[in-house]
Amino acid sequence: MADISDRIVRQVGLEHATFDIEYFWDKNIDALGVLEISSRHSQSHAELFAQVDGAPNHLTLLRLVLGRDPVAAPSGPFPGCGQVACATLARRCGSPPLR
């Protein structure tokens, strides 16, 4: 997914912005699809960023705006490594909502 995300971001020109990409997997055909690309700054992702890089995504956006390396984070379990993180939701297409 990281490779797919990288290609999408470069194709649509999001290299200098914060964004998130939502994927879905269709187990019936064993295929991954893109549900949504959001080119906005998300408050809900701040904690996830902090857990990976040691700093919230607000710092990443600020570093982008200032023309600095957005990956350079001085602390956290994976500082400045440029790794990816994800959150998952269980959804079923064509089925009643999960409760």
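That block above? That's the structure.
Summary of the structure given here. Note that the structure is predicted; figures quoted are calculated from it, not measured. Counting starts from 1 at the beginning of each chain's written sequence and moves along it residue by residue. With pLDDT at 70 or above as the cut-off, local features in this predicted model cover only qualifying residues; side-chain atom pairs require 80 or more to be listed or tallied, and sums for whole chains, interfaces and linings still use all residues. Where side-chain values are given, they derive from all heavy atoms of the structure, hydrogens and water being excluded.

Remarks on the side chain of S5
In plain terms, the rule: The helix count covers DSSP runs of H or I at least four residues long, the strand count covers runs of E at least two residues long, and both are numbered beginning at the N terminus. Two residues form a contact once any of their heavy atoms are found within 4.5 Å.
With respect to the helices and strands, the residue S5 is situated in helix α1 (residues 2-12). Every residue in contact with S5, bar those within four places of it in the chain, is listed here: I21 and Y23.

Examining the environment of I8
Filter applied, for reference: Relative accessibility thresholds used throughout: buried, under 20% of the residue-type maximum; exposed, over 50%; partly exposed, between the two (1.4 Å probe, protein chains only).
Along the polypeptide, I8 turns up in helix α1. Residue I8 is classed as buried on the basis of its relative accessible area of 16%. With sequence-adjacent residues up to four places away left out, I8 is seen in contact with I21, Y23, V34 and I37.

A short note on helix α3 (residues 57-65)
Put simply, the rule reads: The arc in question is the one traced by the directions running from the helix axis out to the C-beta atoms.
Buried residues of α3: N57, T60, R63 and L64, and no others. Buried residues of α3, seen end-on, are gathered within an arc of 115 degrees and therefore sit on one face of the element. Where the residues of α3 are buried, they touch α2 (46-53).

With respect to the environment of H41
Mapped onto the elements of the fold, H41 is located in the loop between β2 (31-38) and α2. Between the alpha carbons of H41 and H58 there is a distance of 7.9 Å; along the sequence they are 17 residues apart. In contact with H41, other than residues within four places in its own chain, are T18, N57, H58 and L61.

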